[in-house]
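What follows is the residue order along each chain.
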Amino acid sequence: MPNIKSAKKRVLIGEANYQRNKAYRSALKTAIKKADAAITSNAADASDAVKVAVKKIDQATAKGILHKNTAARKKSALVKRFHKMGA
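For clarity, every value in this text was computed on a predicted model and none was experimentally measured. (Residues numbered from 1 in each chain as written. Predicted model: local features only at pLDDT ≥ 70, side-chain atom pairs only at ≥ 80, totals over all residues. Heavy atoms only, no water.)

Student: How would you summarise the confidence of the model for the protein chain if you had to cite specific residues and measurements?
Tutor: Confidence in the prediction for the protein chain averages 94 pLDDT; 99% of positions are at 70 or higher. Per-residue pLDDT, averaged within each element of the protein chain, yields its smallest value for helix α3 (residues 68-86) (94) and its largest for helix α1 (residues 5-40) (96). (pLDDT = per-residue confidence, 0-100. Helix = DSSP H or I, 4+ residues; strand = E, 2+ residues; numbered from the N terminus.)

Student: With reference to specific residues and values, describe α1.
Tutor: Taking 1.5 Å per residue, 36 residues should reach 52 Å; α1 reaches 52 Å between its end C-alpha atoms and fits that length. Taken as a whole, α1 has its buried residues at Leu28, Ala31, Ile32, Ala35, Ala38 and Ile39. Packed against the buried residues of α1 are α2 (46-62) and α3. The positive-phi residue at the C-terminal boundary of α1 is asparagine 42, with phi of around 55 degrees. (Expected span 1.5 Å × (residues − 1). Buried < 20%, exposed > 50% of the residue type's maximum accessible area, 1.4 Å probe, protein only. Contact = heavy atoms within 4.5 Å.)

Student: Would you mind going over the pattern of salt bridges in detail, with residue names and values included?
Tutor: The full count for this structure, using the stated rule, is 2 salt bridges. For arginine 81, the salt bridge identified is with aspartate 36, shortest N-O distance 2.9 Å. Separated by 45 residues along the polypeptide, arginine 81 in helix α3 and aspartate 36 in helix α1 bring together distant segments of the chain. For arginine 81, a relative accessible area of 36% translates into the label partly exposed. Classification of aspartate 36 by relative accessible area gives partly exposed; the value is 25%. Of the charged contacts, one joins lysine 75 and aspartate 58 as a salt bridge, the two residues approaching to 2.7 Å between their closest N and O atoms. With a gap of 17 residues between them, lysine 75 in helix α3 and aspartate 58 in helix α2 connect regions that are remote in the sequence. Given a relative accessible area of 25%, lysine 75 falls into the partly exposed group. Residue aspartate 58 is classed as partly exposed on the basis of its relative accessible area of 35%. (Salt bridge = Lys/Arg side-chain N within 4 Å of Asp/Glu carboxyl O.)

See the structure below:
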């Protein structure tokens with residue numbers, strides 16, 4: 001544990017940011033899994049689930065949790081699976 005006041009504060013801020021980012025990543029993974037499950041089961045709400053997942057990916061990118069290329073890759077793969085389901 002650091003002795004300097006500003007270093008102690010940075011440790012606390014870093015932990016808070018870690019917890020916040022962890023929650024965002026968890027919500028993102030949940031949305032992607034729900035979309036995948038809807039796609040696999042050919043559910044009628046697959047389109048909505050994919051839209052929600054893509055929105056979550058975009059939000060995570062805007063918050064700096066995902067790199068923009070990672071987000072593009074995830075969205076591309078998800079939409080590709082969705083369109084393959086319809087074909």
